[in-house]
Amino acid sequence: QVQLVESGGGLVQPGGSLRLSCVASTRIFSINNMGWYRQAPGKQRELVAVITSGGRTNYADSVKGRFTISTANAGNTIYLQMNSLKPEDTAVYYCKISKWSQDYWGQGTQVTVSS
């Protein structure tokens, strides 16, 4: 089955940067959109950024201007460039690839912003 393999998480100081990657283990065709979500302990999972197959993007207000989502390999690779990180960005980050009929989720990567 398809697996989305995430990498790039870790511990970073406030103001620092991280780049998350998400790679599909098997080629996915006819992708509609791709996104990054995050979930902090005790909180609901929230949308961070989304990009459509046509390249349109949308960001949560809390990350707008700091995070950038991009893709490669026809959406089978997804990146999230995170700059000017804040402690409130601490969460497990999940990538998602959506087709018309099915969603695929990564298993999450921990991002911790702390001094």
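See the structure above.
Enquirer: It is not clear to me how the overall build of the chain should be interpreted in this structure. Could you clarify?
Expert: Regarding its fold elements, the chain presents 0 helices and 11 strands. Along the chain direction, N to C, the helices and strands of the chain fall in the order β-β-β-β-β-β-β-β-β-β-β. In terms of C-alpha radius of gyration, the chain reaches 13 Å, essentially the compact-globule figure of 13 Å for 115 residues. Across its three principal axes, the chain shows a C-alpha extent of roughly 40 × 25 × 25 Å. Within the chain, the proportion of its 115 residues that are buried is 42%. Contacts spanning at least 24 positions in sequence make up 53% of the contacts within the chain whose residues lie at least 6 apart. With the model as given, the accessible surface of the chain reaches about 6,200 Å², and the carbon-plus-sulfur share is 45%. Each charge sign in the chain was given a centre, from 11 positive and 6 negative side chains, and these centres are 6 Å apart.

Enquirer: Sorry, what's going on with the state of the cysteines here?
Expert: What makes a disulfide is a covalent bond joining the sulfur atoms belonging to two cysteines. Overall, the coordinates contain 1 disulfide when judged by the stated rule. With a sulfur-sulfur separation of 2.0 Å, Cys22 is cross-linked through a disulfide to Cys95. Across the S-S bond of Cys22 and Cys95 the torsion is about 60 degrees, and the bridge reads as right-handed. With Cys22 in strand β3 (residues 18–24) and Cys95 in strand β9 (residues 91–99), this pair connects stretches of sequence that are 73 residues apart. Here Cys95 falls in the buried class, since its relative accessible area comes to 0%.

Enquirer: Could you clarify how one ought to interpret the environment of Ser115 in this entry?
Expert: As for its position among the elements, Ser115 is in the segment after β11 (109–113). When its relative accessible area of 83% is taken as the criterion, Ser115 is described as exposed. Sequence spacing of Ser115 and Asn76 is 39 residues, and the spatial spacing of their C-alpha atoms is 34 Å.

Procedures and definitions
Residues numbered from 1 in each chain as written. Predicted model: local features only at pLDDT ≥ 70, side-chain atom pairs only at ≥ 80, totals over all residues. Heavy atoms only, no water. Helix = DSSP H or I, 4+ residues; strand = E, 2+ residues; numbered from the N terminus. Rg over C-alpha atoms; globule rule 2.2 N^0.38 Å. Buried < 20%, exposed > 50% of the residue type's maximum accessible area, 1.4 Å probe, protein only. Contact = heavy atoms within 4.5 Å. Areas by Shrake-Rupley, 256 points an atom, 1.4 Å probe, with all protein chains shown as cover. Lys, Arg positive; Asp, Glu negative; His and termini not counted. Charge placed at Lys NZ, Arg CZ, Asp CG, Glu CD. Disulfide = S-S within 2.5 Å.

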